[in-house]
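A structural walkthrough
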Amino acid sequence: MAQLQVRPLAEENFPEKTGGNWKKYFTFNTDHKVIGIQYLVTSFIFFLIGGALATGVRIELATPDVDFVSRELYNQLFTIHATVMIFLWIVPAGTGAFGNYLLPLLLGCNDMAFPRLNAIAFWMIPPGGLLLMGSFFINEGAAASGWTSYPPLSLVNGKSGEFIWILSILVLGTSSILGAINFLTTIIKMRTPGMKFNNMPLFCWAMFAASILILVSTPVLAGALILLSFDLLAGTSFFNPSGGGDPVVYQHMFWFYSHPAVYIMILPVFGTISEILPVHARKPIFGYLAIAYSSLAISFLGLIVWAHHMFTSGTPAWLRMFFMIATMVIAVPTGIKVFSWLATLWGGKLRLNSAMLFAMGFISMFVIGGLSGVMVASVPFDIHVHDTYFVVAHLHYVLFGGSVFGLYASIYHWFPKMTGRMINETWGRIHFVLTLVGFNLCFLPMHYLGLMGMPRRVAEYDPQFATINTICSIGSYILAVSTIPFVINAVVCWRSGEKAPANPWNGLTLEWTLSSPPPEHNFPTPPVLKTGPYDYGTLDKRGSKKRPISQLRASDILSN
Amino acid sequence: MQGSTVNSEQVIAVSQDGHGGHLEDHPDHRIFGLFMFFVAESFIFLGLFAAYLTFRAVTPAWPPEGTPELELLLPGVNSIILISSSFVIHKAEEAIKENDVKGVQLWFAITAAMGALFLVGQGYEYAHLEFGLTTNLFASTFYVLTGFHGLHVTFGLLLIGAVLWRSRKEGHYSADSKFGIEAAELYWHFVDVIWIILFILLYLL
Ligand SMILES: [Cu+2]
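Attention here is on the structure that accompanies the text.

Scoring rules and cut-offs
- Residues numbered from 1 in each chain as written.
- Chains lettered and ligands numbered in written order.
- Predicted model: local features only at pLDDT ≥ 70, side-chain atom pairs only at ≥ 80, totals over all residues.
- Heavy atoms only, no water.
- Axes fitted to C-alpha atoms, helices over the stretch in contact; angles between N-to-C directions.
- Helix = DSSP H or I, 4+ residues; strand = E, 2+ residues; numbered from the N terminus.
- Parallel < 35°, antiparallel > 145°, perpendicular 65-115°, else oblique.
- Left-handed = near helix turned anticlockwise from the far one by under 90°.
- Nonpolar A, V, L, I, M, F, W, Y, C, P; charged D, E, K, R; others polar.
- Contact = heavy atoms within 4.5 Å.
- Buried area = accessible area lost by both parts, 1.4 Å probe.
- Salt bridge = Lys/Arg side-chain N within 4 Å of Asp/Glu carboxyl O.
- Polar contact = N/O pair within 3.5 Å; in protein donor to acceptor, adjacent residues only side chain to side chain.
- Donors = N, O, S within 2.8 Å, 3.2 Å for Na, K, Ca; no water.
- Buried < 20%, exposed > 50% of the residue type's maximum accessible area, 1.4 Å probe, protein only.
- Lys, Arg positive; Asp, Glu negative; His and termini not counted.
- 1 Å grid on protein atoms, 1.4 Å probe; cavity = no way out; pocket = protein on both sides within 12 Å on 5 of 7 lines; lining within 4 Å.
- Points joined across faces, edges and corners; volume = space filled by probe spheres on them.

1. Looking at the packing of helix α15 (residues 425-451) of chain A against helix α16 (residues 466-496) of chain A
Residues and elements named next belong to chain A. At a closest axis distance of 8 Å, the pairing of α15 and α16 adopts a crossing angle of 160°. On the basis of their axis angle, the class for α15 and α16 is roughly antiparallel. In this structure, α15 crosses over α16, and the sense of that crossing is left-handed. Taken together, the residues that form the contact of α15 with α16 break down as 18 nonpolar, 9 polar and no charged.

The following block contains the structure:
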């Protein structure tokens, strides 16, 4: 069907890819496609590590007593689990992997604006991660104060573990900032001639919004951590009340980053979902401009709501009001996206492959997380559930049900482009079912636990919660098992799967005009856009109108 | 994994005379990127300034009782040195527009000397202050903020040194190829602006 923007490069131009060049993935390579895959594989390995830590946590919680690990080790397990999942999996996978791999292809340029800086940013990830994992093996053990690392608690737990944690976050944060500089410059300066902001693919909009957040908020976390390390090592008392300091200042600085961090983790996935749905629904995206601008609205609002994490930290009542209302307002741009996605699916010719299943799973799970988010945004409700399992349930619906489902969808969708091979659909669907069932079994009951008052971050609990916790733990085991078919499927198909054509899904964005995998030099000449990114099944209706169909009004189409 | 229409030697050749590695066939966006970097840097400082102001607001007396008075003379002179160095380094950019590398070297050397003088002055002030890093909350913020800024001045000096080193090679810098000079200059201005805010916050407010 769809006529492509540029002639797909003839297959004979790309001689048979031979084995042996896998070595480039272990080198300082400046090709954005190599770097994207480096990010993806590295962060996925950390996902497995973080998952193993979570399984340790759930084994401990399967029974009310402390029986599997010591209390001290339990604290380290959940602290490093969260840190790994956020800083070494979702952030680098969402922005680093897909941002790097897709942006130049979608924008029609040959590489990121600063390829060498890009490689430097990637190569900060493995040392940062190894440093963090290494802290398990020192005498005092790893950081154990939760990923929030609130002082004064973080000042009295093991000092070396805490300091390694700080160092590692500083390294990973710097990497993230360098990445954001690259994304912003590439999006603003390197779009192919003819691609305006208002007809670039929605993933680019999402990365634009996420990169602004990285650039503005990550440095503030760095500032907080610098002060925290002085308290830890040099005997100052910035955040230590016994020396005249104020721990709440740390909380403000921490959440000034860590609330936007949620959007740094979810916006890139919003972007990939907006790419995946129209391709597999064979329909133009509904509400292109609404989705594009709502990303910006989310990133602006995301910067002014951080104190909703501090309703129980002595925040004055009038300030709590402001943060409560501002937080609830974010549901509006988010709702705009969700309804636009649903409207895109409505009446489409759905192709229910693994990518689409995960994308639809993403919408449903994320909506649950979004709704419980509005609940905890409300001050009285939050005071009731603060630091309970309700919050754990909420954040996992957003970060796992949202970000991770979205990342899986993206992996399935672009696997043929990245590897040049098709991935096995049957195993993809088995993976989806296991993930969906395990995920809901693990996290849905936690809402109830939280409402009943079970506190988070404690290794033992009241026996009345035992049955439900056992159910949660069984869910987590299913979730752990669910990664096995995926990893085997991905590895086997990457090596010997069916060869992928240039455009297996009949997509209209620029990456599908290139061979799978794309040539090292993406576009010999800047590509010329012949259609908008989402003009599915509408080429006849577009007629002579210059604008892409996603921006036409109904009257334009009818008058044709 | 990728095939290519461009033969690989050609690719390598292109990447070696480009500055970034992989196929530099686009205009130079480095100054733009540098400004993005300044945004990030500003937000570290903004975070620290906000923390300082909050500490100040929630502490009953500021600076806490018993904090020795800050001398204004030395840091005042120091500020004047640093601020005037911004005008000096700007001369270098004007010089390079005329392809005058000798002029660049001269102005950069003077700027570096002024920056070094600033650091010496700050070291002298540290040595003669009657409070230490852990005396109280004001003292801690004072040392961390000025120290963090001093680190930036030091880094600026390294940048200037790097430009001076590279400028020895004939033709390395010219009116058409002056990114290093511009970057060092912009960074120096940035560090200057931060100092002005810092000076007002710590000494004058
Ligand atoms: Cu939040």
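Further notes follow.
2. Describing the interface of chain A and chain B
Opposite the 52 residues of chain A that make contact, chain B presents 38 residues. Summed over both sides, the interface between chain A and chain B buries roughly 3,800 Å², with carbon and sulfur atoms accounting for 72% of that surface. Of all residues in chain A, Phe238, Glu520 and His521 of chain A give up the largest surface area on contact with chain B, accounting jointly for 15% of the area buried on that side. On the surface where chain A and chain B come into contact, there are 0 salt bridges. Between chain A and chain B we count 0 residue pairs in polar contact (both at pLDDT 80 or more) in total.

3. Some remarks on the coordination of the copper ion
Residue and element names in this part refer to chain A. The coordination sphere of the copper ion contains the protein donors His259 (ND1), His308 (NE2) and His309 (NE2), at a distance range of 1.8 to 2.0 Å. Counting along the primary sequence, the residues that act as donors to the copper ion give the motif H-x48-H-H. Of this pair, His259 sits in helix α8 (residues 247-281) while His308 sits in the loop between α9 (288-302) and α10 (317-329), and the two are 49 residues apart along the sequence. There is no split in this pair, since His259 and His308 are both buried.

4. Remarks on unusual backbone geometry
The step from Pro151 of chain A to Pro152 of chain A runs through a cis peptide bond, and the omega angle for that step is 0°. Here Pro152 of chain A is to be found in the loop between α4 (125-134) and α5 (153-156). Here Trp62 of chain B and Pro63 of chain B are connected by a cis peptide whose omega angle stands at -10°. Along the polypeptide, Pro63 of chain B turns up in the loop between α2 (30-58) and α3 (73-97). Positioned with a positive phi, Asp387 of chain A is a non-glycine residue whose angle comes to about 60°. Tracing the backbone through its elements, the reader meets Asp387 of chain A in the loop between α13 (379-385) and α14 (389-419).

5. Observations concerning the side chain of Glu162 of chain A
Residues and elements named next belong to chain A. With respect to the secondary-structure elements, Glu162 resides in helix α6 (residues 159-189). It is Lys159 that comes nearest to the buried, bridge-free Glu162 among opposite-charge side chains, at 10 Å. Among the polar contacts made by the side chain of Glu162, one reaches the side chain of Ser149 at a distance of 2.4 Å. Every residue in contact with Glu162, bar those within four places of it in the chain, is listed here: Ala143, Ser145, Ser149, Ser154, Leu228 and Leu232.

6. Section: empty space enclosed by the protein
Residue and element names in this part refer to chain A. Evaluated as defined, the whole model comprises 4 cavities of 30 Å³ or more. In this structure, the largest cavity spans a volume of roughly 140 Å³. Lining the largest cavity are 17 residues, with Val91, Thr95, Leu172, Ser175 and Ser176 sitting closest to its centre. Mapped onto the lining of the largest cavity, the elements with two or more residues apiece are α2 (71-107), α6 and α7 (202-233). In terms of residue class, the lining of the largest cavity is built from 9 nonpolar, 8 polar and no charged.

These results come straight from atomic positions and should not be treated as a statement about function.
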